Amino acid sequence: MVEFERILKDRGYRLTNQRRAVVRELEGARHLSAEDIYDRLREEHPELGLSTVYRTLDLLTELGIVRKDDFGEGYSRYELATERMHHHARCQECGRVIEFNEELMEYLALQVERETGFVTDWHEITLYGRCAECAARD
Ligand SMILES: [Zn+2]
Ligand SMILES: [Zn+2]
């Protein structure tokens, strides 16, 4: 929270209640859509419209406070960028998003470099499949 306040201040943005509220929601849960955040805030912040939530998320993404994820669902999901770097696996049946750690991808990138000479600057992958619960149901 403190880090986020500092980034806003340094870039000349005010810490409005709306910005604070959006970040607070993302601290409590991960991979939320703008509509998820809007739904969660509606009761406490009736003045907050969906378009304001979108604008706030755009700003926070631009400032590097929030990370925007696209899982091919037709909308984006958001999470705090301050979290450790990680990758995602999305369940195609229930929509759950699971995180897995960075080391596995670093290992893969190294293998690719060893085999092809390709040097990876940036990698971000999403696995698609079924979570443990959905897989167990079949
Ligand atoms: Zn599932
Ligand atoms: Zn994540």
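It should be emphasised that the depicted structure is a prediction, and the values quoted were computed from it without experimental measurement.

Definitions and limits used
- Residues numbered from 1 in each chain as written.
- Chains lettered and ligands numbered in written order.
- Predicted model: local features only at pLDDT ≥ 70, side-chain atom pairs only at ≥ 80, totals over all residues.
- Heavy atoms only, no water.
- Helix = DSSP H or I, 4+ residues; strand = E, 2+ residues; numbered from the N terminus.
- Buried < 20%, exposed > 50% of the residue type's maximum accessible area, 1.4 Å probe, protein only.
- Contact = heavy atoms within 4.5 Å.
- Areas by Shrake-Rupley, 256 points an atom, 1.4 Å probe, with all protein chains shown as cover.
- Salt bridge = Lys/Arg side-chain N within 4 Å of Asp/Glu carboxyl O.
- Donors = N, O, S within 2.8 Å, 3.2 Å for Na, K, Ca; no water.
- Tetrahedral: all angles 85-135°; square planar, octahedral: opposite > 155°, others 65-115°.
- Pairing = 2+ DSSP bridges.
- Domains from an automatic or database assignment.
- Buried area = accessible area lost by both parts, 1.4 Å probe.

### Thoughts on the overall build of the chain
Point 1. Secondary structure assignment for the chain yields six helices and six strands.
Point 2. When the helices and strands of the chain are listed from N to C terminus, the series reads α-α-β-α-α-β-β-β-β-α-β-α.
Point 3. Along the three orthogonal principal directions, the C-alpha set of the chain runs to about 55 × 40 × 25 Å.
Point 4. Here the chain holds 138 residues, and 38% of them are scored as buried.
Point 5. Here the analysis covers contacts within the chain between residues at least 6 apart in sequence; of these, 46% occur between residues at least 24 apart.
Point 6. When the accessible area of the chain is evaluated, it comes to approximately 8800 Å², of which 47% is carbon and sulfur surface.

### Re the pattern of salt bridges
A side chain with one charge can pair with a side chain of the opposite charge if their charged atoms come near.
Point 1. If you walk through the whole model with that rule in mind, you get 12 salt bridges.
Point 2. A salt bridge links R40 to E25; the shortest N-O distance between them is 3.8 Å. Of the two residues, R40 is situated in helix 3 (residues 34-41) and E25 in helix 2 (residues 17-28); the sequence distance between them amounts to 15 residues.
Point 3. The partner of E99 in a salt bridge is R30, and the shortest N-O contact between them spans 2.8 Å. Here the residue E99 occupies a position in strand 5 (residues 97-101), and R30 occupies one in the loop between helix 2 and strand 1 (32-33), the gap between them amounting to 69 residues.
Point 4. A single salt-bridge network, built from bridges that share partners, covers R30, R67, D69, E79 and E99.

### With respect to the coordination of the zinc ion (ligand 2)
Point 1. Around the zinc ion (ligand 2), the protein contributes the donor atoms H31 (NE2), E79 (OE), E79 (OE), H86 (NE2), H88 (NE2) and E99 (OE), which lie 2.0 to 2.5 Å from the metal centre.
Point 2. Angles of 53 to 157° at the metal separate the six donor atoms of the zinc ion (ligand 2), which places the site in the irregular class.
Point 3. We note that the donor set of the zinc ion (ligand 2) lies within a single chain, spaced as H-x47-E-x6-H-x1-H-x10-E. Of the two residues, H31 sits in the loop between helix 2 and strand 1 while E99 sits in strand 5, which places them 68 residues apart along the sequence.
Point 4. For E99, a relative accessible area of 30% gives the class partly exposed.

### Observations regarding the coordination of the zinc ion (ligand 1)
Point 1. Protein coordination of the zinc ion (ligand 1) is provided by C91 (SG), C94 (SG), C131 (SG) and C134 (SG), with donor distances spanning 2.3 Å.
Point 2. Geometry at the zinc ion (ligand 1) is tetrahedral, judged from its four donor atoms and the angles of 104 to 115° they form at the metal.
Point 3. For the zinc ion (ligand 1), all donor residues lie on one chain, and their spacing in sequence is C-x2-C-x36-C-x2-C. Taken together, the residues span a long stretch of sequence, with C94 in the loop between strand 4 (86-91) and strand 5 and C131 in the loop between strand 6 (126-129) and helix 6 (132-137) at a distance of 37 residues.
Point 4. Note on C131: relative accessible area 3%, which makes it buried.

### Notes on the pairing of strand 5
Point 1. Pairing of strand 4 with strand 5 involves five bridges; the strand directions are antiparallel. Within strand 5, the residue paired with H86 across the bridge is N101.
Point 2. In sequence, strand 4 turns back onto strand 5 through a hairpin of five residues, with G95 there showing a positive phi of about 85°.

### Quick notes on the domain arrangement of the chain
Point 1. For the chain, the assigned domains read domain 1 (2-80) and domain 2 (87-136).
Point 2. Here the C-alpha centre of domain 2 lies 25 Å away from the C-alpha centre of domain 1.
Point 3. Listed per partner, the contact involves 10 residues of domain 1 and eight residues of domain 2.
Point 4. For the pairing of domain 1 and domain 2, the buried interface totals around 710 Å² over both sides, and the portion due to carbon and sulfur atoms is 43%.

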